[in-house]
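Residues per chain, in single letters:
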Amino acid sequence: MKRIISISLAAALALSLAACGAPASESAAPSESASASESTAGTQEAADAGSDAAESDLAYVQDKGTLVIGYTVYAPMNYTDENGEFTGFDTELATAVCEQLGVTPEFQEINWNTKVVELDAKSIDCIWNGMTLTEDILANTACTEPYAKNAQVVVMKADAEYASTADLADGVVAYEAGSAGQDTVEGDEYLSQAEGVPMSVQTNCLREVEAGTATAAVLDLTLANAMIGEGTDYADLEIKDELNVEEYGVAFRKGSDLAEAVNQAFAALREDGTMQALADKYNLELAD
């Protein structure tokens, strides 16, 4: 506030100062006090926000008592057998891990192409479904150590001629959208030239080849071993090529402490022989 002082107004100014009471430096104190209060409140809010950000995912699932597991139908990992029982290597392994964590597994079928979106939205707590540890998954989630080995393979009619992926450059290739199969197709010099047919689940890729609407399918070795060949619904299909070796892991929300908790459960289940027994049962090879 401007104050214009003149000799003629000296008396009036003195009266004005007396009426105002405290000096200007003292009158600022309430404002400083308010700022300090706001600062304290802001610090508390920041601390609360930090606490929320650092919330334990393990505590979250243990508090609610369930681990919601995102999956797609994928034999031999998660599927319904001929007796109508939901089973599979990942189904049984996840159930054993949940026992270690003190929670109940809740399996929820998802769209594989939006799996990380569902994970971040907390509609599921993890992605556990023969998931290849790709660079994208590793960058956007918290993953366990690898627990099983896999590869991407080319599946075609048994009587189809095949020497290399160059034979498929002018063909039609089916793959699961958002999967390692899609990455393999797009990253191969010749497969990337083919007409790509993205499917919602890997089993649909086999149907496309069986029906003749796709020349080949690129999908997981583990699924191919379980679903094609003599004694299956796809007896006239066979693996023509193995393109690359991969490893499976489980994905949690980025920064989640559940990944390490599951790693510890894996260690215990390896030690007591549970994991190897499941691998033998479902004809899988554990990761080193």
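Residues numbered from 1 in each chain as written. Predicted model: local features only at pLDDT ≥ 70, side-chain atom pairs only at ≥ 80, totals over all residues. Heavy atoms only, no water.

(A) Structural view of the confidence of the model for the protein chain. Within the protein chain, residue pLDDT values average 85, and 81% of them lie at 70 or more. Overall, residues 1-54 carries pLDDT values under 50, and its contacts beyond four positions in sequence, including any with other chains, amount to one contact. (pLDDT = per-residue confidence, 0-100. Contact = heavy atoms within 4.5 Å.)

(B) Focus on unusual backbone geometry. Residues A75 and P76 are joined by a peptide bond in cis, for which omega reads 10°. Among the secondary structure elements, P76 is positioned in the loop between β1 (66-71) and β2 (79-80). Although it is not a glycine, K122 sits at a positive phi angle of roughly 65°. Residue classification places K122 among the partly exposed positions, given a relative accessible area of 36%. (Helix = DSSP H or I, 4+ residues; strand = E, 2+ residues; numbered from the N terminus. Buried < 20%, exposed > 50% of the residue type's maximum accessible area, 1.4 Å probe, protein only.)

(C) Region of interest: the packing of aromatic side chains. This model, assessed by the stated rule, comprises eight aromatic pairs. Relative to Y282, the ring of F89 has its centre 6.5 Å away and its plane inclined at 85°; by these criteria the two rings are edge-to-face. With F89 in helix α5 (residues 89-101) and Y282 in the segment after α12 (274-281), the pair connects residues that are 193 residues apart, well separated along the chain. Here the two residues F89 and Y282 agree in accessibility, since each one is buried. (Phe/Tyr/Trp six-rings, centres within 6.5 Å; stacked < 30°, edge-to-face > 60°.)

(D) Quick peek at the nonpolar core. Ranked by size, the top nonpolar core spans 55 residues in total, and within it F89, L93, W128 and Y147 carry the most contacts. Here F89 is in contact with P76, M77, Y147, M275, L278, A279, Y282, L284 and L286, once residues within four sequence places are set aside. Within the second largest apolar cluster, 12 residues are counted, among which are I110, I124, C143 and A251. (Core = buried A, V, L, I, M, F, W, Y, C linked by side-chain atoms within 4.5 Å.)

(E) View of the layout of surface pockets. The calculated volume of the largest pocket comes to roughly 340 Å³. Lining the largest pocket we find 26 residues, and of these W112, K115, G178, S179 and A180 sit closest to its centre. Across the lining of the largest pocket, the residue classes break down as eight nonpolar, 13 polar and five charged. (1 Å grid on protein atoms, 1.4 Å probe; cavity = no way out; pocket = protein on both sides within 12 Å on 5 of 7 lines; lining within 4 Å. Points joined across faces, edges and corners; volume = space filled by probe spheres on them. Nonpolar A, V, L, I, M, F, W, Y, C, P; charged D, E, K, R; others polar.)

(F) Summary view of the pairing of β1. The buried count for β1 comes to five of six residues, which makes it a mostly enclosed element. Sheet topology note: the β1/strand β4 (residues 104-109) ladder contains six bridges and is parallel. Paired with V68 across the strands is E106, a residue of β4. (Pairing = 2+ DSSP bridges.)

(G) Region of the structure containing the side chain of N204. Take N204: it is sitting in helix α9 (residues 202-211). Within the local environment of N204, its side chain forms a polar contact with the side chain of R207, the two groups lying 3.0 Å apart. (Polar contact = N/O pair within 3.5 Å; in protein donor to acceptor, adjacent residues only side chain to side chain.)

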